[in-house]
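# Report on the structure
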Amino acid sequence: MLHKDITCSVCGLACDDIDIELTKNDIKVYNACSMGEAKYHKLRDPNRILKPIIDGKEAGWKDAIKKTAEILGKAKRPLIFMGSEISTESMRVGIEMAEYLGGVVDGNSTMCHGPTVLGIQEAGLPSATLGEVKNRADLLIYWGCNPIESHPRLLSRYSLFPRGYFREHGGQERTVIVVDPRKTPTTELADLHIQIEPNKDFELMSAIGAVINGHDIDKAVGGVPPQTIRRLAEMMKSCKYGVIFVGLGIASSVGKYRNLEKAMRLVRNINKYSRFILLANRGHSNVAGFNQIMTWTSGYPFGVDYSKGIPRFNPGETTTVDLLARGEVDAVLVVGADLGAHLPREAIEHLADIPLISVEVAHCPTTLLSNVVIPDVLNAMECEGTFYRMDNVPIHVRKFAKSPLKETKSTVDTLKQVLAEIKKSKG
Ligand code: SF4
């Protein structure tokens, strides 16, 4: 059977034009990139977890829910970690659970675009939707990112190649600048590749801002000659509609969230001369969703600590890697994320020493470390929900396949069962 216009839940683009043909022995995927296509084959993954596991042995569903509630209910400082390939409805239950338990709740941005989100809170995000980019943009700046490999359909679906309402000739009417110390597949497409020295993003943005404000510069900044900086500033001022796509190259380089704050202030400044926006290339499909609901729930975007009965946020203190590396949490629930494959050694060592529960679709390093493993439903395939695209547009994702799990309808349902059991056990 052919299912049309399905939403992909892999990268932040959340492409909603994927067609899936499910037959008895095969899965055919149309329109998706190779990353998206691989995800749909998880529907028939032989590695799929179908039964709960407690201490390495298959267990009953109710026992796994009870054991999870018991571990989390007894913990003095539990951490609830919400992955990004689950719906925002699931994340809301995780946040409620952390608040009820007086624990900490965190999400993937703690390890990726956290500095970008902090930059937004400092400076405000001058932004727009990807649809507006497609219809209007004539200057595309990819700064510290390589979308051809990280967001394979960004250029073909929204930014460079498609024809837009005001860009009838598509790519012929758009100029591409890439700011990156490395040569990548994206730099090969660029009209101008600015090969900046590593960790000099803040300095280069300051220099561009100075030129835009009427000052002259006579020295290279970050290895970029003054004439190139002047040319870049002129291109930004004279375009009709410009976009800076920022990637982890900026968020992870020296300066961290100050780089992003600077980028947002630079974009605001250019708007005195031309229309300009900034978009973050969010890597995971619903990582933006966690920041959205965490912010409207608590005022903070990630790493929120409820141990004092009010939400507290202090990056470096209330964030996953720091809490684990310092041994400050005594139980962890991970939903749809593989912490075991991504955290630094000190954090993993503590994770291995404390009770760990994972709600997961297939086996991974985290499930190998877990005391309790609860099978999960594939979001955006076997259950519906809301996902936020990288431009913060919420998209309702539909289900098109039947879940093999009988005891739960969705990740939301599983987490609600756990929360109800915790409340019951605590009276
Ligand atoms: S570009 Fe991203 S959202 Fe689109 S199909 Fe590929 S992985 Fe999925």
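Presented here is a report on the structure given in the accompanying data block. (Residues numbered from 1 in each chain as written. Predicted model: local features only at pLDDT ≥ 70, side-chain atom pairs only at ≥ 80, totals over all residues. Heavy atoms only, no water.)

Moving on: the overall build of the chain. Check the secondary structure of the chain and you find 16 helices and 19 strands. Since a compact globule built from 427 residues should have a radius of gyration of about 22 Å, the 23 Å found for the chain is in line with a globular shape. Expressed as a percentage of the 427 residues in the chain, the buried residues total 58%. Taking contacts inside the chain between residues at least 6 apart in sequence as the whole, the part at least 24 apart equals 66%. Counting every atom, the chain has about 17,900 Å² of accessible surface; 49% of that belongs to carbon and sulfur. Computed over 53 positive and 50 negative side-chain charges, the separation of the two mean positions in the chain equals 3 Å. (Helix = DSSP H or I, 4+ residues; strand = E, 2+ residues; numbered from the N terminus. Rg over C-alpha atoms; globule rule 2.2 N^0.38 Å. Buried < 20%, exposed > 50% of the residue type's maximum accessible area, 1.4 Å probe, protein only. Contact = heavy atoms within 4.5 Å. Areas by Shrake-Rupley, 256 points an atom, 1.4 Å probe, with all protein chains shown as cover. Lys, Arg positive; Asp, Glu negative; His and termini not counted. Charge placed at Lys NZ, Arg CZ, Asp CG, Glu CD.)

Moving residue by residue along a regular strand, the side chains alternate between the two faces of the sheet. By the criterion of burial, strand β16 (residues 356-360) is predominantly enclosed, with 5 of the 5 residues buried. Burial along β16 is two-sided: the residues Leu 356, Ser 358 and Glu 360 and Ile 357 and Val 359 are all buried. Here strand β15 (residues 331-335) runs beside β16; their pairing, made up of 4 bridges, is parallel. Of the residues in β16, the one forming a bridge with Val 335 is Val 359. Handedness of the β-α-β unit built from β15, helix α14 (residues 345-353) and β16 comes out right-handed. Relative to strand β17 (residues 372-375), β16 is paired through 4 bridges, and the arrangement is parallel. Counterpart to Ile 357 in the pairing with β17 is Val 372. (Pairing = 2+ DSSP bridges. Right-handed = clockwise from strand over helix to strand, strands pointing away.)

Our next topic: a positive patch on the surface. Together, Lys 51, Lys 399, Lys 402 and Lys 406 make up a positively charged patch on the protein surface. Note on placement: Lys 406 falls in the loop between β19 (394-397) and α16 (411-425). (Patch = residues over 30% accessible without salt bridge, like charges linked within 9 Å, V, L, I, M, F, W, Y side chains within 5 Å. Salt bridge = Lys/Arg side-chain N within 4 Å of Asp/Glu carboxyl O.)

A few words now on the site of the ligand. If you check the shell around the ligand, you find Cys 8, Val 10, Cys 11, Leu 13, Ala 14, Cys 15, Ala 32, Cys 33, Met 35, Gly 36, Pro 152 and Arg 153 and nothing else. Cavity membership is defined here by more than half of the atoms lying within 2 Å of grid points; on that basis the ligand lies in the largest cavity. Split into classes, the residues belonging to the shell around the ligand amount to 10 nonpolar, 1 polar and 1 charged. (Near = heavy atom within 4 Å. 1 Å grid on protein atoms, 1.4 Å probe; cavity = no way out; pocket = protein on both sides within 12 Å on 5 of 7 lines; lining within 4 Å. Sits in = over half its atoms within 2 Å of the grid points. Nonpolar A, V, L, I, M, F, W, Y, C, P; charged D, E, K, R; others polar.)

Let us look at helix α11 (residues 257-270). Between its first and last C-alpha, α11 extends 20 Å over 14 residues, near the 20 Å set by a 1.5 Å rise per residue. All buried positions along α11 are accounted for by Asn 259, Leu 260, Glu 261, Ala 263, Met 264, Leu 266, Val 267, Asn 269 and Ile 270. On its buried face, α11 is in contact with α4 (114-123), α8 (201-212), α9 (226-238), β11 (241-246), α10 (248-251) and β12 (275-280). (Expected span 1.5 Å × (residues − 1).)

Here we have 3 strands laid out as an open sheet, ordered β1-β2-β3, and antiparallel in their pairing. Two strands close off the open sheet at either side, each with one partner strand: β1 (2-6) and β3 (27-30). With direction set aside, neighbouring strand axes in the sheet form an average angle of 20°. Pairing between β1 and strand β2 (residues 18-22): 3 bridges, direction antiparallel. Each bridged residue has a counterpart across the sheet, and for His 3 the counterpart in β2 is Ile 20. (Axes fitted to C-alpha atoms, helices over the stretch in contact; angles between N-to-C directions.)

All quantities given are derived from atomic positions and should not be read as evidence of function.
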